[in-house]
Amino acid sequence: MLIQLHILQNYAPSNLNRDDTGSPKDATFGGYRRGRISSQCLKRSIRKSQAFAEAFEQDGLLAVRTKLLPNLVGKELEAMDTPAEVIQTIVQRVPDIGHKGRARGEEESTDTDEGEAETTTRQLIFVGQNELRPLAEKLLALYNESGPKKWPKVELEKSLDKSVPRSVDVAMFGRMTTSEAFEDVQAAVQVAHALSTNALTQEFDYYTAVDDISEEAGAGMIGDVEFNSSTYYKYLNIHWEQLVENLGGDVAVARQAVLALVEAAATAQPS
């Protein structure tokens, strides 16, 4: 079953989603230049919406996309009363996750100075709250099994089972990593780029700022920024069976997820 959402939404003069030059994004469609809000921007506003937080945050059903996986694993190990020196030793290896099984010392990273330990993963990893404790437990078990001397040579990617998230936002929007430690998830929700129904007329806002102390006449700073005012057409769809499958067959959570998505799609706006 495919659940489709079609939304028309008016926006006052604004710069909702900037391109690399700072201008509002646009696209040519139907022979006219139109305002555009990227699908990535819309999905993030939904993920970070109050509707999603109220529905799922308390139950730990939301994920985070981050390179700071070592920090998250360290906090889990600390909560498990792991000795501080063991935590530090384990956390130093966590950035190897996503390096396709490279053991530390086999290939130095070009992103850090010689002798400097990496503190982040090379890729953003979309990780569910329910995955962090099992990951920390597996790493601790591997450390205890190998011992401190052999630990630096343990190939983490090959030693860790694939982690499967139980997270609403991962189930909806999917996950793709190059790490063998995390299961890829096929997205159950498609979000199209929002396009303006009207032909785009880009405007410029010329603004000034006055120095409150100098008492000099005129502006202390001047600048300009582009903006537009448009009616946007938004389209989303939800593949119900895929969503239920991604949530491990939990129909109740899937139903709640659909309702939260409908609310967030209508009320959550790009910042």
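As shown above, the structure is provided for reference.
Anyway, here's the lowdown on the structure attached to this text. Model, not experiment: these values are computed from the prediction. (Residues numbered from 1 in each chain as written. Predicted model: local features only at pLDDT ≥ 70, side-chain atom pairs only at ≥ 80, totals over all residues. Heavy atoms only, no water.)

Quick notes on the overall build of the chain
Part 1 of the reasoning: Of regular secondary structure, the chain possesses nine helices and 10 strands.
Part 2 of the reasoning: Relative to a compact globule of 271 residues, whose C-alpha radius of gyration would be 18 Å, the chain shows 23 Å and is clearly more extended.
Part 3 of the reasoning: Overall size of the chain, expressed as C-alpha extent along the three principal axes, is 65 × 60 × 35 Å.
Part 4 of the reasoning: Across the 271 residues that make up the chain, the buried fraction comes to 46%.
Part 5 of the reasoning: Contacts in the chain between residues at least 24 apart in sequence constitute 68% of all its contacts with a sequence separation of at least 6.
Part 6 of the reasoning: Here the chain displays about 15,000 Å² of accessible surface, and carbon together with sulfur accounts for 49% of that area. (Helix = DSSP H or I, 4+ residues; strand = E, 2+ residues; numbered from the N terminus. Rg over C-alpha atoms; globule rule 2.2 N^0.38 Å. Buried < 20%, exposed > 50% of the residue type's maximum accessible area, 1.4 Å probe, protein only. Contact = heavy atoms within 4.5 Å. Areas by Shrake-Rupley, 256 points an atom, 1.4 Å probe, with all protein chains shown as cover.)

Observations concerning unusual backbone geometry
One can expect most non-glycine residues to show negative phi and most peptide bonds to be in trans.
Part 1 of the reasoning: Even without being glycine, Asp81 reaches a positive phi, approximately 60 degrees.
Part 2 of the reasoning: Summarising the element assignment, Asp81 is placed in the loop between α3 (69-79) and α4 (84-91).
Part 3 of the reasoning: Even without being glycine, Glu215 reaches a positive phi, approximately 65 degrees.
Part 4 of the reasoning: Counting through the fold element by element, Glu215 comes out in the loop between β8 (203-209) and β9 (221-227).
Part 5 of the reasoning: A relative accessible area of 74% places Glu215 in the exposed class.

Section: the nonpolar core
Part 1 of the reasoning: Membership of the largest hydrophobic core comes to 38 residues, with the highest contact counts inside it found for Phe52, Phe56, Val168, Met172, Leu243 and Leu261.
Part 2 of the reasoning: Of all the elements in the fold, those that place two or more residues in this core are β1 (2-10), α1 (39-47), α2 (50-57), α7 (168-173), β6 (189-191), β10 (231-239), α8 (240-246) and α9 (251-267).
Part 3 of the reasoning: Looking at this core, the element that brings in the most residues is α9, giving eight residues.
Part 4 of the reasoning: Of all hydrophobic cores here, the second largest spans 24 residues; its members include Val86, Ile90, Val127 and Tyr143. (Core = buried A, V, L, I, M, F, W, Y, C linked by side-chain atoms within 4.5 Å.)

Let's talk about the packing of aromatic side chains
Part 1 of the reasoning: Inspection of every chain in the model, using the stated rule, returns three aromatic pairs.
Part 2 of the reasoning: Ring centres 5.7 Å apart and planes at 75 degrees place the aromatic pair Tyr11 and Tyr232 in the edge-to-face group. Of the two residues, Tyr11 is situated in the loop between β1 and β2 (26-29) and Tyr232 in strand β10; the sequence distance between them amounts to 221 residues. By the burial criterion, Tyr11 is buried, and Tyr232 matches it.
Part 3 of the reasoning: Taking the centre distance of 5.6 Å and the plane angle of 80 degrees together, the rings of Phe52 and Phe56 count as edge-to-face. Note that Phe52 and Phe56 are positioned in helix α2 at a spacing of four residues, about one turn of the helix. (Phe/Tyr/Trp six-rings, centres within 6.5 Å; stacked < 30°, edge-to-face > 60°.)

A closer look at the packing of α3 against α4
Part 1 of the reasoning: Two elements in contact, α3 and α4, have axes whose closest approach is 10 Å; the angle formed by their N-to-C orientations is 155 degrees. In terms of axis orientation, α3 runs roughly antiparallel to α4. Helix-helix and strand crossings are classified by hand; for α3 and α4 the assignment is right-handed. In this structure, α3 uses Pro70, Gly74, Leu77 and Glu78 to contact α4, whose residues at the interface are Ile87, Ile90 and Val91. (Axes fitted to C-alpha atoms, helices over the stretch in contact; angles between N-to-C directions. Parallel < 35°, antiparallel > 145°, perpendicular 65-115°, else oblique. Left-handed = near helix turned anticlockwise from the far one by under 90°.)

Considering the pattern of salt bridges
Any two side chains of opposite charge can pair, so long as their charged atoms come close to each other.
Part 1 of the reasoning: In the structure shown here, the tally under the stated rule is seven salt bridges.
Part 2 of the reasoning: Across the pair Asp96 and Arg93 runs a salt bridge whose closest N-O atoms are separated by 2.6 Å.
Part 3 of the reasoning: The class for Asp96 is buried, based on a relative accessible area of 1%.
Part 4 of the reasoning: Look at Arg93 and you get buried, because its relative accessible area is 2%. (Salt bridge = Lys/Arg side-chain N within 4 Å of Asp/Glu carboxyl O.)

Focus on α9
Part 1 of the reasoning: When the terminal C-alpha atoms of α9 are compared, their 24 Å separation across 17 residues agrees well with the 24 Å that a helix rising 1.5 Å per residue should span.
Part 2 of the reasoning: Turning to α9, its buried residues number three or more, namely Val253, Ala254, Ala257, Val258, Ala260, Leu261, Ala264 and Ala265.
Part 3 of the reasoning: Near the N-terminus of α9, the side chain that reaches the backbone nitrogen of Ala252, with its oxygen 3.3 Å away, is that of Asp250. (Expected span 1.5 Å × (residues − 1). Polar contact = N/O pair within 3.5 Å; in protein donor to acceptor, adjacent residues only side chain to side chain.)

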